[in-house]
Amino acid sequence: MNATPTLQDIASCVSGYDPNALPVAQAQEFIARLVPRVQAVEMLPIRSALGRVLARDIVSSINVPAHDNSAMDGYALRGADLSATGDTVLQSAGTGFAGQQFDGLVGPGQCVRIMTGAVMPVGLDTVVPQEFVKLDGDQVRVPAGIVQTGDNRRFAGEDLALGEAALIAGRLLRPADLGMLASLGQAEVPVLRRLRVAFFSTGDELRSVGEQLDAGCVYDSNRYTLWGMLQRLGVEVLDLGVVRDDPAALEATFRHAAANADAVITSGGVSVGEADHTKQVMASLGDVLFWRIAMRPGRPMAIGRIHSDGHDAILFGLPGNPVAVMVTFYAFVRDALLAMSGAAAQPLPMLRAASTAAIRKKPGRTEYQRGIVSRADDGGWQVAITGSQGSGILRSMSVANGLVMLHHAQGDVAAGGLVDVLPFDGLV
Ligand code: AMP
Ligand code: MG
């Protein structure tokens, strides 16, 4: 068995690692090397597996479809009988229904009335849709040039071939996958157990909804955005509330979280000038690094491994500002939690959009500005920044429908310049 690498081991593998000005890409690489993957497998009925991670490859135990069959309601015939020059006249020999095949012999010059999904009668290889033929008693007239040999015939195994991998381990199961599993006749699916994620907010100024808002205090909003983002990922959540800036209370909560979850997410208390005890308590419970990331919003972040009761958890100590929480979650935590869940990489789709106005941007850090993407008159995408980009202005996330990603080396953007945008659909 390999010994678990220390955080220092991991840092030494990441080229350009500088904890005080860490580029986003290096932070992402570090985290990808740090996080373990859940191992435990459970069997679930197909429907319960929606959104879960497939634990093992699924190999087709049958051909789907099981037989060559018709793709149309019409007449099955032999391609060799089709006239090269004019209409073809065939004699109907019977009917084949889906689930009730035509078993008779079909001689040359004969055809069989056939329904969609019905097994192709022996010797026939082509189907002419019924709307194209002219009937005269038992005679079926196929106009010239309507079909070619092999048309409208589905082959056995053309959807899923016997012995072929139908779904690969690591897949996040979607509706089409549930249907595929059912088409293989598989009632249960092996999936990885759900990841457990504990989260809490830190800060003496925080009040929970339902409490009175004392002077100088703010309501805790981060626990709600975090809860929502975690729900979208399909993980199991453990909400540990607001924890005051009290070493004993912080330690007890961190210990409880580390003992009961695979990952622990906190917000607040990790800034450089922070006077509170959060950082000290984090560091005392395991191997934890405090980063300053070259990004905006969301500069400070703690990352590491904390233990309690012989159990390890990965710690993501996010900044306190509400927009920084969301941006650091999408920049770092989403991919890490998916990897921990055992899911294959799920890169997010990006749009290239023309900025409606100039954007100021300093090279040397990654910026995530909030934007509204829409269709321009020329049919391309355009994006407008949503006013003030302060990291405390949660409204900028709420009115936006995408994040404008201004990359590390990128400088100012001129009006009309193209930028990368991460649309929120399906994400936020
Ligand atoms: P901190 O990172 O703890 O210095 O917090 C930075 C800013 O974010 C401060 O203005 C905090 O009041 C605010 N903040 C921290 N945690 C939360 C929270 N859970 N909900 C809303 N605002 C918060
Ligand atoms: Mg604080």
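Residues numbered from 1 in each chain as written. Chains lettered and ligands numbered in written order. Predicted model: local features only at pLDDT ≥ 70, side-chain atom pairs only at ≥ 80, totals over all residues. Heavy atoms only, no water.

### Considerations on the packing of aromatic side chains
- Here the structure, examined in full by the defined rule, presents four aromatic pairs.
- Aromatic side chains Phe30 and Trp291 sit 5.1 Å apart centroid to centroid with 85 degrees between the ring planes, which places their arrangement in the edge-to-face category. You can see Phe30 sitting in helix H2 (residues 24–34) and its partner Trp291 sitting in strand E18 (residues 286–292), a full 261 residues away along the chain. The same class applies to Phe30 and to Trp291, which are both buried.
- An angle of 75 degrees between the planes, with centres 5.0 Å apart, marks the rings of Phe200 and Phe254 as edge-to-face. You can see Phe200 sitting in strand E13 (residues 196–202) and its partner Phe254 sitting in helix H5 (residues 247–260), a full 54 residues away along the chain. Accessibility assignment for this pair places Phe200 and Phe254 in one class, buried. (Phe/Tyr/Trp six-rings, centres within 6.5 Å; stacked < 30°, edge-to-face > 60°. Helix = DSSP H or I, 4+ residues; strand = E, 2+ residues; numbered from the N terminus. Buried < 20%, exposed > 50% of the residue type's maximum accessible area, 1.4 Å probe, protein only.)

### Digging into the domain arrangement of the chain
- With domains assigned, the chain is organised as domain 1 (7–40 + 194–340), domain 2 (42–60 + 164–192), domain 3 (69–154) and domain 4 (351–423).
- The C-alpha-based centres of domain 1 and domain 3 are spaced at 66 Å. (Domains from an automatic or database assignment.)

### Quick word on the sheet that holds E13
- Spatial strand order, E16-E13-E17-E21-E20-E18: six strands in an open sheet with mixed pairing. The open sheet is flanked by strand E16 (236–243) and E18, the only strands paired with a single partner. For this sheet, the mean inter-axis angle between neighbouring strands, taken without regard to orientation, is 15 degrees.
- Bridge count for E13 against strand E17 (residues 263–267) is five bridges, and the pairing is parallel. Bridging across to E17, Ala198 finds its partner in Val264.
- Packed on one face of the sheet, helix H4 (residues 222–233) meets E13, E16, E17 and strand E21 (311–318) and runs near 165 degrees to E13. (Pairing = 2+ DSSP bridges. Axes fitted to C-alpha atoms, helices over the stretch in contact; angles between N-to-C directions. Contact = heavy atoms within 4.5 Å.)

### A closer look at the pairing of strand E9 (residues 139–142)
- Of the two faces of E9, the one holding Val140 and Val142 is buried and the one holding Gln139 and Arg141 is not buried anywhere.
- Joining the antiparallel neighbours strand E8 (residues 134–136) and E9 is a turn of two residues, in which Gly137 adopts a positive phi near 65 degrees.

### Remarks on the sheet that holds strand E6 (residues 110–114)
- Here we have six strands laid out as an open sheet, ordered E7-E4-E6-E5-E9-E8, and mixed in their pairing. Each of the sheet's edge strands pairs with one partner strand only, and the pair in question is strand E7 (126–129) and E8. Each strand axis lies, on average, 40 degrees off the axis of its neighbour in the sheet, ignoring direction.
- As defined by bridge partners, strand E5 (residues 88–96) adjoins E6 across four bridges and the pair is classed as parallel. Its bridge partner being in E6, Thr95 is matched across the sheet by Arg113.

### A short note on empty space enclosed by the protein
- What the rule picks out here adds up to two cavities of 30 Å³ or more.
- Volume-wise, the largest cavity comes out at about 100 Å³.
- In terms of lining, the largest cavity is formed by 13 residues, of which the most central are Gly51, Val53, Leu233, Gly234 and Ser341.
- Its residues placed into classes, the lining of the largest cavity shows seven nonpolar, three polar and three charged.
- In this structure, the second largest cavity spans a volume of roughly 50 Å³. (1 Å grid on protein atoms, 1.4 Å probe; cavity = no way out; pocket = protein on both sides within 12 Å on 5 of 7 lines; lining within 4 Å. Points joined across faces, edges and corners; volume = space filled by probe spheres on them. Nonpolar A, V, L, I, M, F, W, Y, C, P; charged D, E, K, R; others polar.)

### Here's the deal with the side chain of Gln369
- Structurally, Gln369 is set in strand E23 (residues 366–375).
- In terms of polar contacts, Gln369 uses its side chain to reach the side chain of Glu367, at 2.9 Å.
- Once you skip the residues sitting within four places of it in the chain, Gln369 turns out to touch Ile359, Arg360, Ile385, Gln389, Gly402, Leu403, Val404 and Leu406. (Polar contact = N/O pair within 3.5 Å; in protein donor to acceptor, adjacent residues only side chain to side chain.)

### Quick notes on the packing of H2 against helix H7 (residues 322–340)
- Relative orientation of the contacting elements H2 and H7 amounts to 20 degrees, with a least axis distance of 10 Å. Looking at the two axes, H2 sits roughly parallel to H7. As for the relative orientation of H2 and H7, their crossing is right-handed in sense. Contacts from Val24, Ala27, Gln28 and Ile31 in H2 reach Ala331, Phe332 and Ala336 in H7. (Parallel < 35°, antiparallel > 145°, perpendicular 65-115°, else oblique. Left-handed = near helix turned anticlockwise from the far one by under 90°.)

### Observations regarding the nonpolar core
- Counting residues in hydrophobic clusters, the biggest one holds 56 residues, and the most contacted among them are Phe30, Ile265, Phe316, Phe329 and Leu337.
- Leave out the neighbours within four places in its chain, and Ile265 touches Val197, Ala198, Phe199, Phe200, Leu226, Leu230, Phe316, Leu318, Phe329, Val333 and Leu337.
- Ranked by size, the runner-up nonpolar core spans 18 residues in total, among them Ala198, Val243, Leu250 and Leu315. (Core = buried A, V, L, I, M, F, W, Y, C linked by side-chain atoms within 4.5 Å.)

### With respect to the pattern of salt bridges
- Overall, the coordinates contain 13 salt bridges when judged by the stated rule.
- Of the charged contacts in the structure, one is a salt bridge between Asp262 and Arg193, with a shortest N-O distance of 2.8 Å. Residue Asp262 is found in the loop between H5 and E17, and its partner Arg193 is found in the loop between strand E12 (188–192) and E13; the two are separated by 69 residues along the sequence.
- With a closest N to O distance of 2.9 Å, Glu251 and Arg255 form a salt bridge. Here Glu251 pairs with Arg255, and both are found in helix H5, just four residues apart, close to one helical turn.
- Arg255 gets classed as partly exposed once you look at its relative accessible area, which sits at 37%.
- In the salt-bridge network here, residues are joined through shared partners; they are Asp220, Arg223 and Asp239. (Salt bridge = Lys/Arg side-chain N within 4 Å of Asp/Glu carboxyl O.)

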